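Topology and contacts: notes
Given next are the chains, with one letter for each unit.
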Amino acid sequence: MPAKSLAITATFADKPSAATPDNRTANTVSFYMHYVHSGTFTMGEDVTTPAPEITLTKDFWMGETEVTQGLWEAVWGLTWPETAPTGVPGDGDSYPAYNVNWYDAVAFCNLLTQADDSIANTEQIYYSDADKKTVYTKDNAKNNDAVYVDWSKTGYRLPTEAEWEYTARYKDADNSVWNGGDHVSGGPEYTNPEIEKYGWFNGNSHGKCYEVKRLTANDLGLYDMSGNVNEWCYDWIASYKPISQSDPVGPENGTRRILRGGSWSFGEEYMRVGNRYNYTPSDRYSTFGFRLCRTAY
């Protein structure tokens, strides 16, 4: 298990290639972020009608994998918020972190921002007060306290639902094609047996999750966007509107937050990049994890 001490290094190039990941290290735990160029795509295509046209105006970084248990413990500590990972569905530094709720995930993002010496502490995204003066902490997460967001900051955060689907649909390194239709991330139509090459679901998982990066990545180089564990997104759930939107972050209030991607216990129909589902943000399950995101300026 990682030691409690923590040192993080990071380097961010100016408009790097999407194919070149940025390597960071938290203590002895390395993790990668991939650069994603802004653009326009059709969200929820072939799954939800109507399907809105979404434009993301800011470039961003997306985690190569789900946050792993090794990275979680290097940042959070060895005591988990509730139930620690077990041998089934999976326990180990390279397995995805799970049994974490939405509040835990946003508190983790702030902790990682604090630990990264290349990012000023003032760049933390999440706050416990409407004036955005008091950063959101583990204690706030334990109490399921309300979260306020400063979108102008560049610390680590959860992806918005639109950012998640945009990267899941990534098609080529030239940023010229966005993969429309009904399919797994990086793969073929979801009814095709080839989906087993791209994600862990109930047809190939044997009732457990797996170490990250064991299957094929999508064209952006992201692993497990479909399957393994469900991934929390920032947004409250809301119905799609048939209008063009820029940088949507969901409604201001709600009762249930978005998760994406399917999991090791879900059927193949939930592996589709356009599929969405939602739970109360305080819910913790062995299928719930998350992926890191950062705005790039």
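Scroll up to find the structure this text is about.
Described in the following lines is the structure provided in the data block. Starting afresh in each chain, residues are numbered from 1 along the sequence in its written order. With pLDDT at 70 or above as the cut-off, local features in this predicted model cover only qualifying residues; side-chain atom pairs require 80 or more to be listed or tallied, and sums for whole chains, interfaces and linings still use all residues. Excluding hydrogens and water, the side-chain values take into account all heavy atoms of the structure.

Notes on the overall build of the protein chain
Counted only if it meets this: What counts as a helix is a DSSP run of H or I of at least four residues, what counts as a strand is a run of E of at least two, and both are numbered from the N terminus. Per-residue accessibility, obtained with a 1.4 Å probe over protein chains only, is compared with the maximum for each type, and a residue is labelled buried under 20%, exposed over 50%, and partly exposed between these values. Contacts are assigned to residue pairs that have any heavy atoms within 4.5 Å of one another. The accessible surface values rely on the Shrake-Rupley method and a 1.4 Å probe; as for residues, cover is taken only from the protein chains in view.
A count of helical and extended segments in the protein chain gives four helices and 14 strands. Residue burial in the protein chain is summarised as follows: out of 297 residues, 56% are buried. Residue pairs at least 24 apart in sequence account for 68% of intrachain contacts in the protein chain once pairs closer than 6 positions are excluded. Summing over all exposed atoms, the protein chain offers an accessible surface of approximately 11900 Å²; the carbon and sulfur share of this is 45%.

A few points about the pattern of salt bridges
Definition in use: Any Lys or Arg side-chain nitrogen found within 4 Å of a carboxyl oxygen on Asp or Glu counts as a salt bridge.
Here the structure, examined in full by the defined rule, presents 15 salt bridges. A single salt-bridge network, built from bridges that share partners, covers Glu161, Glu165, Arg169, Arg260 and Arg276.

Topic: the packing of aromatic side chains
To keep things clear, this is the line we draw: Between rings of Phe, Tyr and Trp, where Trp is taken as its six-membered ring, a pair exists when centres lie within 6.5 Å; planes separated by under 30 degrees are stacked, by over 60 edge-to-face, and by other angles tilted. In this scheme, Lys NZ or Arg CZ marks a charge over a ring once it lies within 6 Å of the ring centre and within 35 degrees of the ring normal.
Applying the stated criterion across every chain, the model contains 20 aromatic pairs. Judged by centre distance (5.0 Å) and plane angle (5°), the rings of Trp72 and Phe108 are stacked. Pair noted here: Trp72 is in helix H1 (residues 69-76) and Phe108 is in helix H2 (residues 102-115), with a separation of 36 residues, a long-range link. Like Phe108, Trp72 is buried. Here the basic side chain of Lys208 rests over the ring of Tyr210, its NZ or CZ set 3.8 Å away from the ring centre. In this structure, Arg257 is placed above the aromatic ring of Trp102, and the distance from its NZ or CZ to the ring centre is 3.8 Å.

Points about the sheet that holds strand S12 (residues 276-279)
What counts here: At least two bridges found by DSSP between two strands is the condition for calling them paired. Under this scheme, a helix contributes an axis fitted over its contacting stretch, all axes are lines through C-alpha atoms, and angles between N-to-C directions fall in the 0 to 180 degree range.
An order of S12-S11-S9-S13 is seen for the four strands of this open sheet, with the pairing classed as mixed. In this open sheet, the two edge strands, each paired with only one partner strand, are S12 and strand S13 (288-290). Taken over all neighbouring pairs, the strand axes of this sheet differ in orientation by 50° on average, direction set aside. Pairing between strand S11 (residues 257-260) and S12: four bridges, direction antiparallel. Bridge pairing in S12 places Leu259 opposite Tyr277. Together, strand S9 (230-236), S11 and S13 form the strand contacts of H2, whose direction differs from that of S9 by roughly 85°.

Some words on the sheet that holds strand S4 (residues 39-42)
With respect to topology, three strands assemble into an open sheet ordered S4-S5-S10, the strand pairing being mixed. The sheet is open, and its two borders are formed by S4 and strand S10 (245-246), each paired with just one other strand. Relative to strand S5 (residues 53-56), S4 is paired through four bridges, and the arrangement is antiparallel. Looking at S5, one finds that Gly39 is bridged to Leu56. Sheet strands in contact with helix H4 (residues 161-168) are S4 and S5, and its direction is about 85° off that of S4.

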